[in-house]
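# Notes for the structure review
Each chain, written out:
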Amino acid sequence: MTIPVITLDGPSASGKGTVAARVAASLGFHYLDSGALYRLMALYAMRNQIALDHEARLAMAAVRLPATFAEGVVKLEGEDVSDAIRAEEVGIGASKVAVLPALRAALLQRQRDFRQAPGLVTDGRDMGSVVFPDATVKVFLTASAAERARRRHKQLIDKGEAANILQIQQDIEERDARDAARPVAPLKAEADAHMLDTTDLTVDQAVAQVLAWWRNTAN
Ligand SMILES: Nc1ncnc2c1ncn2[C@@H]1O[C@H](COP(=O)(O)OP(=O)(O)O)[C@@H](O)[C@H]1O
Ligand SMILES: Nc1ccn([C@H]2C[C@H](O)[C@@H](COP(=O)(O)OP(=O)(O)O)O2)c(=O)n1
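Residues numbered from 1 in each chain as written. Chains lettered and ligands numbered in written order. Predicted model: local features only at pLDDT ≥ 70, side-chain atom pairs only at ≥ 80, totals over all residues.

An unreviewed UniProt entry annotates the protein chain as Cytidylate kinase originating from Rivihabitans pingtungensis. UniProt annotates the protein chain under Sequence similarities (unreviewed entry) with the comment "Belongs to the cytidylate kinase family. Type 1 subfamily." Word for word, the UniProt comment on the protein chain under Subcellular location (unreviewed entry) is "Cytoplasm". (UniProt positions renumbered as here; feature names shortened; annotations may be inferred.)

Here's what the structure looks like:
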């Protein structure tokens with residue numbers, strides 16, 4: 001029997017990670033935040049003075065990236081970088097290294113290894129299109145750019161970071177444009193994905209909708 005996978009793809013701050021983690025907890029499934037891998041690569045490059053477009057060096061580093069994920073803690077070379085990878089400039093850097101085909105290829109198997117019984121919930125940009133094209137349920141999550149900027153702004157303020165909502169919206173829109181325009185694994189809704197616009201939904205409502213699609217497919 002193939003191990004079930006639920007994929008959530010979509011633009012920045014649409015709520016993918018929040019919904020995916022909740023769905024995974026509710027079903028007792030594993031959870032993969034694929035964006036964290038791209039963020040780790042960006043942080044690694046920034047810390048080691050590797051240019052964000054140095055494809056050969058970054059692809060090589062991706063294969064043996066000394067990173068671990070355990071109980072919500074992300075470590076790079078043994079150091080807890082869970083907060084560091086969430087910084088806005090690391091998100092922008094992640095979107096830049098994510099255009100490199102060799103780096104994406106180097107991360108592919110690493111992501112597929114997360115497909116473990118009893119199942120996996122994963123979020124990113126190409127989970128349903130490239131990494132798990134045979135996923136049981138595919139969801140494309142969206143929200144208006146203004147609502148997404150508001151959410152990211154609130155997240156940063158709650159963490160005690162200074163943030164300007166207009167700057168955030170501009171960064172988000174630039175990042176989405178780059179993620180959607182790249183030739184390899186661009187951000188786009190698959191024909192077989194369920195569309196979920198969360199602009200006017202609560203987290204509970206979004207989670208309930210994904211679980212309903214899962215139950216319809218699994219039974
Ligand atoms: N309906 C909703 N669905 C998902 N997240 C929401 C919703 N409403 C508000 N949020 C909030 O939006 C913020 C951004 O969500 P996050 O999961 O980090 O997005 P992404 O992984 O797409 O970047 C979180 O603080 C989350 O609680
Ligand atoms: N499967 C993925 C996941 C992320 N990326 C890239 C593109 C995104 O702009 C960055 C950061 O992704 P992440 O999901 O962590 O970002 P957000 O939380 O949605 O703002 O990584 C990707 O190309 N493919």
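With 12 residues, helix α1 (residues 16-27) extends 16 Å between its outermost C-alpha atoms, agreeing within 8% with the 16 Å of an ideal straight helix rising 1.5 Å per residue. Residues of α1 that are buried: Lys16, Val19, Ala20, Arg22, Val23 and Leu27. The arc that holds every buried residue of α1, seen down its axis, measures 165°, which confines them to one face. Those residues of α1 that are buried are in contact with β1 (5-9), β2 (30-33), β6 (120-124), β7 (137-142) and α9 (203-218). (Helix = DSSP H or I, 4+ residues; strand = E, 2+ residues; numbered from the N terminus. Expected span 1.5 Å × (residues − 1). Buried ≥ 20, exposed ≤ 12 C-beta atoms within 10 Å, placed from the backbone. Arc of directions from axis to C-beta. Contact = placed C-beta atoms within 7 Å.)

So, on to the sheet that holds β2. As summarised here, the arrangement of the 5 strands in space is β2-β6-β1-β7-β8, forming an open sheet in which the pairing is parallel. The sheet is open, and its two borders are formed by β2 and β8 (194-197), each paired with just one other strand. In this sheet, adjacent strand axes meet at a mean angle of 20° when their direction is disregarded. Relative to β6, β1 runs parallel, the two sharing 5 bridges. Opposite Leu8, over in β6, you have Asp123 as the bridge partner. (Pairing = 2+ DSSP bridges. Axes fitted to C-alpha atoms, helices over the stretch in contact; angles between N-to-C directions.)

Bringing the site of ligand 1 into the picture now. By nearness alone, 16 residues border ligand 1, and Gly15, Lys16, Gly17, Thr18 and Arg151 come closest of all. Elements supplying a minimum of two residues to the shell around ligand 1: α1, α7 (145-158) and α9. Considering every element that reaches the shell around ligand 1, the biggest residue donor is α1, with 4 residues. In the shell around ligand 1, the residues fall into 5 nonpolar, 8 polar and 3 charged. (Near = placed C-beta within 6 Å. Nonpolar A, V, L, I, M, F, W, Y, C, P; charged D, E, K, R; others polar.)

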